[in-house]
Amino acid sequence: MNRIFSYMNSHFAVCLLGAAVVGVIVSFALGDQAVVLKPLGTIFTRLLGMIVPVLVFFSIASSFANIGDATRMKSWGSKIIGWFIISMLIGTFLGIAMGLLFKPGLGIELQSAEFKVTEITVDMFIDWLPKNFLGCLAEGNTIQIVFLAIFVGIAVVLMPDGKSKTFLVDCLTSGQDLILQIVKGIMYYAPIGVAALMATSIGSLKGAFVEQMASFLAAYSIAFVLQVVIVYFIMLYVIGKINPFKFTRKIFPALITAFATTSSAGALPVNLRCVKETGVDKEMTDFGLPLGVTFNMDSMAIEIPLYIMLGMYAIGTEPTIGQLFLFVIMGIAFSVGCAGVPGGGLAIAVILVNAFGLPTEVVAWIAAIFFYLDVTGTPMNIWGDAVCTAIVASREGKIDWDKMNA
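The rules behind these values
- Residues numbered from 1 in each chain as written.
- Predicted model: local features only at pLDDT ≥ 70, side-chain atom pairs only at ≥ 80, totals over all residues.
- Heavy atoms only, no water.
- Helix = DSSP H or I, 4+ residues; strand = E, 2+ residues; numbered from the N terminus.
- Buried < 20%, exposed > 50% of the residue type's maximum accessible area, 1.4 Å probe, protein only.
- Contact = heavy atoms within 4.5 Å.
- Areas by Shrake-Rupley, 256 points an atom, 1.4 Å probe, with all protein chains shown as cover.
- Expected span 1.5 Å × (residues − 1).
- Patch = residues over 30% accessible without salt bridge, like charges linked within 9 Å, V, L, I, M, F, W, Y side chains within 5 Å.
- Salt bridge = Lys/Arg side-chain N within 4 Å of Asp/Glu carboxyl O.
- Phe/Tyr/Trp six-rings, centres within 6.5 Å; stacked < 30°, edge-to-face > 60°.
- Bend = angle between axes of the 7 residues up to and from the residue.
- Axes fitted to C-alpha atoms, helices over the stretch in contact; angles between N-to-C directions.
- Left-handed = near helix turned anticlockwise from the far one by under 90°.
- Nonpolar A, V, L, I, M, F, W, Y, C, P; charged D, E, K, R; others polar.
- Parallel < 35°, antiparallel > 145°, perpendicular 65-115°, else oblique.
- pLDDT = per-residue confidence, 0-100.
- Core = buried A, V, L, I, M, F, W, Y, C linked by side-chain atoms within 4.5 Å.

### Observations regarding the overall build of the chain
Inference 1: The helix and strand tally for the chain stands at 21 helices and zero strands.
Inference 2: For the chain, the residues scored as buried account for 52% of the 406 residues in total.
Inference 3: Sequence separation of 24 or more characterises 84% of the internal contacts of the chain that already satisfy a separation of 6 or more.
Inference 4: As presented, the chain carries roughly 17500 Å² of accessible surface, and 66% of it is formed by carbon and sulfur atoms.

This is the structure:
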């Protein structure tokens, strides 16, 4: 058994890739009967869901607390968040450009569908703040946990040096160490969970809808590729001075986990492990990646303008210059607020089509191909978190280049 665990530790990417391939084979072999494996995948997602709230809290809070002084915290935090915004802005502009080029929605005949519509209000943004100290942890509300962790971390940094501050820093650091040890145990189950998830999800694409949504899929796919090339390769190499091929190879286990779970939050434990193994500073990794789960959603930045343009073209309306500007604001705002869990983007789609006065039936078409958006967009999201954090780490001199180049 120890040999198996040792092999998984040193060949984690191979194990996950093999599990994904096995899941696809099982899906084709069993067909609809593959659903009997669903509980095995559910166990994996439940285990990840169990650990994510406390992992996010301890990672961010301890990251702030261990920075040591407010000046370093301000420097690191502003730069990482700044790169998140730059990355999402590029994604938004790519989504708009591809939408104008391919005009998704032309020729679609809307079918009747019923959806619960949520209005955009000030209260929606107020709800980002936790109502009480422990409630958001119990509910697993990621964005509220992020704010709570930031408040706690900043408070610890601003405390005067002494026994109390040292004790709190040690508690937060020890809490993170405990959670990461639990995560390590969960990861031994990951190949089984990934295989089961792939086996039960592979048939989710609906061919009849795919043909009708070809222009949308083309716009999204090309924007996806351009985002990867421009941000995750060219900018990483030119600005971060990091070999993008080596970096991508090292974080590949996290990309596979994101692909299988379709959850940025669920893939966070693996992403933390992989980025640290690239040589990026531990404190910066523990700060940037959990923050990115909520604040950096590159795939949603691409999808949001495409969602709106899909509905507009479907009813024969061309977007105006003012609306295009609004797409940029929406792309950033809702990318920040989109939950890092499976299907979070679909809820945003319902909100957006209502906000623009579009037929809610549009969401039915988005839902039909959402599996493709989810399994490609989730790896993009955690990839972007890793790249932005690595760029800042490189510019701050916080990378072990021996590990990075190994």
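Alright, that's what it looks like, and here's the rest.
### Quick look at helix 8 (residues 163-187)
Given 3.6 residues to a turn, an α-helix orients residues that are three or four positions apart in the same direction.
Inference 1: With 25 residues, helix 8 extends 36 Å from end C-alpha to end C-alpha; this agrees with the ideal 36 Å at 1.5 Å per step.
Inference 2: Three or more residues of helix 8 are buried, namely K165, V169, L172, G175, Q176, I179, V183, I186 and M187.

### A word on a nonpolar patch on the surface
Inference 1: A cluster of nonpolar side chains, I222, V225, L226, V229, I230, I234, Y237 and V238, forms an exposed patch at the surface whose accessible area comes to about 650 Å².
Inference 2: Here I234 is to be found in helix 11 (residues 214-238).

### Overview of the packing of aromatic side chains
Inference 1: Applying the stated criterion across every chain, the model contains eight aromatic pairs.
Inference 2: With 5.3 Å between their ring centres and 75° between their planes, F57 and F58 make a pair best called edge-to-face. Across the pair, exposure class does not vary: F57 and F58 are buried alike.
Inference 3: Here F147 and F151 contribute two aromatic rings whose centre-to-centre distance is 6.3 Å and whose plane-to-plane angle is 45°, an arrangement assigned as tilted. A residue pair is termed a helical-turn pair when its members lie 3 or 4 positions apart in one helix, as F147 and F151 do in helix 7 (residues 142-158) at four residues.
Inference 4: Overall, the relative accessible area of 18% leaves F147 in the buried class.
Inference 5: Members of the aromatic cluster, each reached through a chain of ring pairs, are Y232, F233, F245 and W383.

### Re unusual backbone geometry
Inference 1: Phi at K103 is positive, roughly 50°, even though this residue is not glycine.
Inference 2: Structurally, the position occupied by K103 is in the loop between helix 4 (70-102) and helix 5 (122-126).
Inference 3: Using a relative accessible area of 27% as the deciding quantity, one classes K103 as partly exposed.

### Some remarks on helix 14 (residues 264-277)
Inference 1: In this model, helix 14 (14 residues) spans 19 Å end to end at C-alpha, consistent with the 20 Å of a helix rising 1.5 Å per residue.
Inference 2: Of all the bends in helix 14, the greatest, near 40°, is centred on V270.
Inference 3: The element helix 14 is extensively covered by neighbouring structure, given that twelve of its 14 residues are classed as buried.
Inference 4: Taken together, the buried positions of helix 14 are occupied by S264, A265, G266, A267, L268, P269, V270, N271, L272, C274, V275 and K276.
Inference 5: Within two residues after helix 14, G279 carries a phi angle of roughly 105°, on the positive side.

### A closer look at the packing of helix 13 (residues 252-261) against helix 20 (residues 370-395)
Inference 1: Across the interface, helix 13 lies against helix 20 with an axial gap of 7 Å and an inter-helix angle of 145°. The hand of the helix 13/helix 20 crossing is right-handed. Within the contact between the two elements, helix 13 uses A254, L255, A258 and F259 and helix 20 uses V375, T378, P379, I382 and W383.
Inference 2: Taken together, the residues of the contact of helix 13 with helix 20 sort by class into eight nonpolar, one polar and no charged.

### Some details on the pattern of salt bridges
Inference 1: Enumeration over the complete set of coordinates arrives at six salt bridges.
Inference 2: Between K79 and E396 there is a salt bridge whose closest N-O contact spans 2.4 Å. Taken together, the residues K79 in helix 4 and E396 in the loop between helix 20 and helix 21 (401-405) connect sequence positions 317 residues apart.
Inference 3: Overlapping salt bridges, with partners in common, bring together K276, K282 and D286 in one network.

### Remarks on the environment of A393
Inference 1: Secondary-structure assignment places A393 in helix 20.
Inference 2: Overall, the relative accessible area of 0% leaves A393 in the buried class.
Inference 3: Along the chain, A393 and D281 lie 112 residues apart, while their C-alpha atoms are 6.8 Å from each other.
Inference 4: Leave out the neighbours within four places in its chain, and A393 touches V280, M284, K398 and I399.

### Quick notes on the packing of helix 16 (residues 298-314) against helix 20
Inference 1: The interhelical angle for the contact between helix 16 and helix 20, taken along N-to-C directions, is 140°, at an axis separation of 7 Å. The orientation of helix 16 with respect to helix 20, classified from their angle, is oblique. Here helix 16 contributes D298, S299, M300, I302, E303 and Y307 to the contact with helix 20, which in turn contributes F370, L373, G377, M380, N381 and G384.
Inference 2: Partitioning the contact of helix 16 with helix 20 into residue classes produces six nonpolar, four polar and two charged.

### A look at the environment of G31
Inference 1: Structurally, the position occupied by G31 is in the loop between helix 2 (12-30) and helix 3 (38-67).
Inference 2: Each C-alpha atom, one on G31 and one on A199, is 8.8 Å from the other, the two residues being 168 residues apart in sequence.

### Structural notes on the confidence of the model for the chain
Inference 1: Of the residues in the chain, 79% reach a pLDDT of 70 or more, and the chain-wide mean stands at 79.
Inference 2: Considering only residues more than four positions removed or in separate chains, one finds that residues 111-120, a stretch of pLDDT under 50, has 22 contacts.

### Here we look at the environment of L16
Inference 1: Structurally, L16 can be placed in helix 2.
Inference 2: Other than its neighbours up to four places away in sequence, L16 contacts A190, P191, V194, P253, I256 and T257.

### Looking at the nonpolar core
Inference 1: Judged by nonpolar contacts, the single largest core of 114 residues is most densely connected at F44, F57 and F247.
Inference 2: Filtering out sequence-adjacent residues up to four positions away, F57 remains in contact with S62, L137, I145, L148, A149, V152 and L172.

### Some details on the side chain of T389
Inference 1: Mapped onto the secondary structure, T389 falls in helix 20.
Inference 2: On the basis of relative accessible area, T389 is assigned to the buried category, the value being 0%.
Inference 3: Once you skip the residues sitting within four places of it in the chain, T389 turns out to touch V280, M284, T285, G288 and L289.

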